[in-house]
Amino acid sequence: MAMALNIIITGVGGQGNVLASQIIGRAAVNRGYNVTIGETFGLSQRGGPVMSHIRLSENKTCGPLIPPNMAHMVVGLEPLETLRVLKEFGNSETVFIANARPIYPLNVIAGDVEYPDLEWIRDVLDQSAGRLYWLDATDTAVELGGPIMLNMILLGALCSLSPFPLDTGDIETVLTAFLPDSKLPANIKALAMGAELIHRYEN
Amino acid sequence: MRRAEKEKEEEGSEMISDREGGKEILLQGNEAIARGALEAGVAFCAGYPGNPSSEIIENLAKASQRLPIYVEWSVNEKVALEAATAASFAGCRAMACMKQNGVNVTSDFLTNLSLSGTKGGLVLVSCDDPGGISSTNEEDARWFARLACIPLLEPATPREALEMTRWAFVLSEAIENIVLLRSVSRLSHTRSNVLIRGLPEFDVKARFDPDIPFHTFPVVDKDRARHEKLNRAAHDFETSVFNSYDGPENPELLIISSGCAWSYARESVEILRLEERVGLLKMGTTWPLPQELLKRHLRQCDQILFVEEIDAFLEDNVKAFCADAGEETGTKVFMGRSSGHIPLCGELSPSILLQVLGEHFDQAWEQDRFQAHVNSLMPEDLPPRAFGFCPGCPHRGSYYAIKTALAWDNRDGFVSGDIGCYSLGLFPTGFNQVKSVHAMGSGLGLASGYGKLDLFGFDQPVITVCGDSTFFHAGLPGLINAKFNRADILLLILDNSATAMTGFQPHPGIDTTAMGQPTDPVDLESLCRSLGMPVEVADPYDINESARTIYGLLKQEGPRVLVMRRKCALVQGREGGFPYRMRVDPDACAGEECGCNRYCTRIFRCPGLIWNTLSKKAEIDSVICVGCGICADICPQGAIERTVVEEE
Amino acid sequence: MMSETGTGQRALIDEIINQDLCVRCGACVGFCPYFSYFDGQVVVLDRCQASADRCFQVCPVAREQGTREPRIREGSEIGPIERVFMARAMNSDIREVAQYGGVVTALVTYALEQGLMESAVLTDRGDLFSPEGREVQDKSAVRQFSGSRYTASGGLAALNRAVKQGRRKIGVVGLPCQMSALAKMAESTEDPRDLDDRITMKLGLFCTWALDFRKLVEFLKKQGVKGPYVKFDIPPPPAEIFQVESEEGWTEFPLSEIRPSIQKGCLLCEDMTAEKSDISVGVVEGQQQWNTVIVRTQRGAELLDKASQDGWLETGPLPPENLEHLKDAARGKRERGRRVRDDQ
Ligand SMILES: Cc1cc2nc3c(=O)[nH]c(=O)nc-3n(C[C@H](O)[C@H](O)[C@H](O)COP(=O)(O)OP(=O)(O)OC[C@H]3O[C@@H](n4cnc5c(N)ncnc54)[C@H](O)[C@@H]3O)c2cc1C
Ligand code: SF4
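Residues numbered from 1 in each chain as written. Chains lettered and ligands numbered in written order. Predicted model: local features only at pLDDT ≥ 70, side-chain atom pairs only at ≥ 80, totals over all residues. Heavy atoms only, no water.

Participant: Help me get a handle on the site of ligand 2, residues and values and all.
Facilitator: By nearness alone, every residue bordering ligand 2 is listed as Gly595(B), Gln9(C), Cys32(C), Cys48(C), Ala52(C), Asp53(C), Arg54(C) and Cys55(C). More than a single chain frames ligand 2: its nearby residues are located in chains B and C. (Near = heavy atom within 4 Å.)

Participant: Which residues make up the domain arrangement of chain B, and what values do they have?
Facilitator: By a frequent convention, interface size equals the accessible area lost on bringing the separate parts together. For chain B, the domain assignment lists domain 1 (3-237), domain 2 (244-373), domain 3 (394-574) and domain 4 (580-644). Placing the centre of domain 2 of chain B and that of domain 3 of chain B at their C-alpha centroids yields a distance of 47 Å. (Domains from an automatic or database assignment.)

Participant: Tell me about the confidence of the model for chain A, and please be specific about residues and values.
Facilitator: Put simply, chain A has an average pLDDT of 91, and 96% of its residues get 70 or more. Taken element by element, chain A is modelled with least confidence in helix H3 (residues 106-109) of chain A, mean pLDDT 88, and with most confidence in strand E4 (residues 73-76) of chain A, mean pLDDT 98. (pLDDT = per-residue confidence, 0-100. Helix = DSSP H or I, 4+ residues; strand = E, 2+ residues; numbered from the N terminus.)

Participant: Please give an account of the packing of aromatic side chains that cites residues and values.
Facilitator: A complete count under the given rule lists 28 aromatic pairs over all chains for this structure. Geometrically, the ring pair formed by Trp408(B) and Tyr551(B) is edge-to-face, given 6.2 Å between the ring centres and 75° between the ring planes. Remark: Tyr551(B) occurs in helix H19 (residues 543-554) and Trp408(B) occurs in helix H15 (residues 394-409); sequence separation between them is 143 residues. Pairing Trp408(B) with Phe38(C) gives two aromatic rings, centres 3.7 Å apart and planes at 15°, and the pair type is stacked. Of this pair, Trp408(B) sits in helix H15 while Phe38(C) sits in strand E1 (residues 35-38), on two different chains. What makes Trp408(B) buried here is its relative accessible area of 7%. The residue whose ring lies beneath Lys403(B) is Tyr400(B), and the NZ or CZ to ring-centre distance is 4.4 Å. (Phe/Tyr/Trp six-rings, centres within 6.5 Å; stacked < 30°, edge-to-face > 60°. Buried < 20%, exposed > 50% of the residue type's maximum accessible area, 1.4 Å probe, protein only. Lys NZ or Arg CZ within 6 Å of the ring centre and 35° of its normal.)

Participant: An account of the interface of chain A and chain B is requested, with residue identities and associated values reported.
Facilitator: Counting residues at the interface gives 77 residues for chain A and 69 residues for chain B. Roughly 6,300 Å² of surface becomes buried between chain A and chain B when both sides are summed, with 60% attributable to carbon and sulfur atoms. At the boundary of chain A with chain B, the tally comes to six salt bridges. Put simply, Lys60(A) and Glu270(B) hold a salt bridge, and the shortest N to O gap is 3.0 Å. (Contact = heavy atoms within 4.5 Å. Buried area = accessible area lost by both parts, 1.4 Å probe. Salt bridge = Lys/Arg side-chain N within 4 Å of Asp/Glu carboxyl O.)

Participant: Any chance you could break down the site of ligand 1 for me, citing the residues and the numbers?
Facilitator: Residues and elements named next belong to chain C. In the vicinity of ligand 1 there are 31 residues, among which Tyr100, Thr105, Gly147, Ser148 and Thr208 approach most closely. One of the backbone nitrogen or oxygen atoms of Val104 is found 2.9 Å away from an oxygen atom of ligand 1. Across the complex, the protein chains shield 95% of the 890 Å² of accessible surface that ligand 1 would expose by itself. Looking at the shell around ligand 1, the elements that each hand over two or more residues are helix H4 (103-113), strand E4 (119-123) and strand E11 (279-283). Its residues assigned to classes, the shell around ligand 1 comprises 16 nonpolar, 14 polar and one charged. (Polar contact = N/O pair within 3.5 Å; in protein donor to acceptor, adjacent residues only side chain to side chain. Areas by Shrake-Rupley, 256 points an atom, 1.4 Å probe, with all protein chains shown as cover. Nonpolar A, V, L, I, M, F, W, Y, C, P; charged D, E, K, R; others polar.)

Participant: So what about the sheet that holds strand E2 (residues 44-47) of chain B? Which residues, and what values?
Facilitator: Residues and elements named next belong to chain B. One open sheet holds the seven strands; their spatial order is E3-E2-E4-E5-E7-E6-E12, and the pairing between them is mixed. The open sheet is flanked by strand E3 (70-73) and strand E12 (285-287), the only strands paired with a single partner. Lying over the sheet, helix H3 (residues 54-63) contacts E2, E3, strand E4 (94-99) and strand E5 (122-128), oriented at roughly 135° with respect to E3. (Pairing = 2+ DSSP bridges. Axes fitted to C-alpha atoms, helices over the stretch in contact; angles between N-to-C directions.)

Participant: Kindly report on unusual backbone geometry, identifying the contributing residues and their values.
Facilitator: Residue and element names in this part refer to chain B. Note the cis peptide between Asn51 and Pro52, where omega equals 0°. Going from Trp287 to Pro288, the amide bond is cis rather than trans, its omega being -5°. Looking at the secondary structure, you find Pro288 in the loop between E12 and helix H11 (291-298). Residues other than glycine seldom take positive phi values, yet Phe431 does so here, at roughly 60°. With respect to the helices, strands and loops of the structure, Phe431 is situated in the loop between strand E15 (414-416) and strand E16 (434-436). Even without glycine at this site, Arg605 takes up a positive phi of about 55°. Given the relative accessible area of 9%, Arg605 is considered buried.

Participant: Residues and numbers for helix H16 (residues 442-450) of chain B, please.
Facilitator: Residues and elements named next belong to chain B. If you check which residues of H16 are buried, you get Gly443, Leu444, Ala447 and Ser448. Along the axis of H16, the buried positions cluster into a sector of 135°, meaning they face one direction only. As for H16, its buried residues are in contact with E15, strand E17 (462-467), helix H17 (468-484) and strand E18 (489-495). (Arc of directions from axis to C-beta.)

Below is the structure:
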């Protein structure tokens, strides 16, 4: 790892973004990385965008914000927010894991603006990013017990891709310390499903 | 859902109160400040919630379950600082925490306190919010250090936040005065590896020594003493580890930087490979200036760039210093906010620094090509994500009722707003009803002024809205003013039983303290009634009845209060109870044929009520709708149905 | 479909509401969610922004662009006539509470009892706030709404509510402007509700003018008569007075002092006898216990005949001088209205 590995998790308030980045952070600290996680949420409780910048380094402390177009990996919990990240932080090698289910902004619901066509979003990501994994992860989450599982599924997906240095085992260790026992099995299942989705997508 | 996250986070943050040290753990900037205070043996912590500062007190409150410390959410920031100061006067280490606006509230006390001085280490923490991401302004609280003549510390990383906080208590005791520690959102909400040390024994004994009073008299003598204290701090700062230089002996450009912004400068220098040409002076102790240290570095280079968040604080102070020390330092070219190199307003970022440095050294930033590629595929602006009240939020109902009542009233009435979730009433989610929002409690003060303008022909009705927490904070004086001066004022207390905006901290209307102990809540209604004004109560979920009540009150005169009472939707969600299950009857909804021009989604704007673009009809998004039932009353076709959820 | 060519809500706001020409018939209220009636006023809740203009199309004050509706039929100042006569309710309890002969109350009660109407749109007496329209299904409740309120009341909002509730046989009692609003609703290309099928009976009241509730209240407050107001009354000519009952008892004002509170829109109105109704009802000058009744349509005649046969109404010939007087009055209102409109 030359300078740092930069990962962005983006989505909207309530999608479990902050929790996912914290779990990555703890797992990475356990593995001896210098971790910095910058969180942008503002009025996130009110449906606004939430973005975490996760930066892992072997030898130095990074700033809280990833410099422009220097994200190595992006986990997008919501398509429009994923697209937003592409322009500002993506580059031609960035790996994108994108959930395909939109959460409509209020101004879209109200008809002030239109939500971009999903296929178009997918195309733009596909034509720009290094790799794109376009997943129907919300559906999988609902099957696993609810949309709240989405973050764990995508975390599992992330673990199965390079250059992400942690594996699901690292994550499980943190979860075990972090979650009540009752919630553990479902979350571990979700991690596995994430990897499975990537596997299926690749084939 | 965010709430659920928080709870899990709580389990994790037990680490804050871990007595053992010598470990590296992942801490948020605010948690690091809390831990630093604990490592310093803080006894008394008080604050008022406000993004981005709230997590400090929240974490200390949790630590109070395991450690013998006292933590409170105070009624407002001034009281928080005063309460903490009492502990200091009695010889205990104490801390008061708030966001930038809160420091304004403390200022009258603060500028007097710094004259009297303190005893036990006393630290005031301000978390500023560059860009006003969750604030009504982007004020720079550092000026208060100059104004009150007290030392200022600015950490750049969570690790440093911990170290500096711990040291701030030592410094405060050494100079017997309060110390200001300034964080910014970006630091407060950044997590990073932090090395923690063990906690001391908390065995302080509080005692006020009657022989050592804390006066501001004689004022001039005390002021002189205050400056001497500041000089002692300046002396310490000369050798402080919190100031460091990185770069060549004689750089082409010297960057003087503080706080988080320092890391943007550092990374930009690296990315542009300017390490051999740029020197980076990181300042952690920014007032008073360590003059000798500055002189040394200023002599290195004639081109100076200032990189700091919000105002040109270092910039102006260093420039003023150079005017005095000119003979020793020589003539400089200063770049920063006044020269226009750094944007005057808004938050800094690596991208801004890359641009500034790239231009200065005429070095193109290679990623431009990628941006150009993406731009060719994508429109300039993607649709923004507008703020909105949560599904089930009582404020949506309250503002709908207000809107209706003001329309019925038909005299160009308007809403004087205040600080809280309900400030969003100025956006379409609150039907743009709120016409002004300034400081805590200001809505009431303004309203009491409007209430006297009839002398000058003013005939518009004014409603002022105020949350329960905000009302206790600074609203009450405005109401009393209106009462005493016989102003016409209609106050709507939006009582959702939570300081929802900042994450549900207890306030005086709630029966539990920050430390989780039971207490007697202050009863809003009897408080207002005791002032001799009529008080009515309405349910924001019943928009028709609420509108009638508001309309009726608008016709009355003198000070009057309506409590709009319904728990915050997030609290209701946690407690598991919303009244209804909602459905749009697809046969009754005439959709695009209705002629209502999508009234429900276009005007009402609830995230749970969406427009299905295929069926061209309204629809409940069952993942998002919680079942408040309000929207059933707005459809002209009566197509939105609510059924009562059976109690389990 | 929303037409692309309409003038939209703007027109109604600019040309009617902001000109203070609204007569508070209530036709647009609830039909369109952007309007609301409350305490004597029709107000704009939100901006619609669609170009369709059904609100404008149903407004009885609004005129079709550039044309003037030919309201006068030659030889008939009082509109289409099947029969004109006088009548009163047989039941003296009804006459007791009714404004005059109680024909309206009797007909509505009878129609509900016979299932000829499923519900009736009437006007309540107001309590804390102004009178407003009410949908009544229970025949014994009709009497609570007897008597005339001399302020307009947005009554058709209650019709819109009734339609929303899915009622199919609705009777409407209303002022001439409300009767023309009903006609416009039925004709409107933008109203999908098949109102003609749903409204089984239109009972029109004679009307010279109605008062603007809020102006009246303001006037009374200035005169030191505090609300809440229990009742307003205009005793028959030649009294020329206006009476108000409040908590402090009855107070009287010369009618001339009340006239400034007449709705501005009423001054444009050319219809005194509710020409678009099935049956129109007014007073018989000089015989307050009787109503003048104009039957205009076949279904109006049927209802009236049945009610008479079943002993609900007592009828008699209208004295010719009364008919002449009525025609004079109607002609007078039409000419005044036309003059005001032309002066605009
Ligand atoms: C504003 C107004 C002005 C009138 N001006 C005249 C006039 O100049 N000359 C004349 O001959 N008659 C006039 N009338 C009609 C008259 O007052 C009687 O309503 C009518 O003669 C019927 O008498 P009744 O005994 O059958 O009434 P009732 O049996 O008492 O029934 C009266 C009905 O009128 C309805 N009503 C009451 N107030 C209103 C209102 N504001 N809007 C709509 N409906 C209402 C009630 O719901 C009730 O059903 C006027 C009525 C009103 C409301
Ligand atoms: S009636 Fe039609 S045009 Fe008028 S406001 Fe309503 S929807 Fe708009």
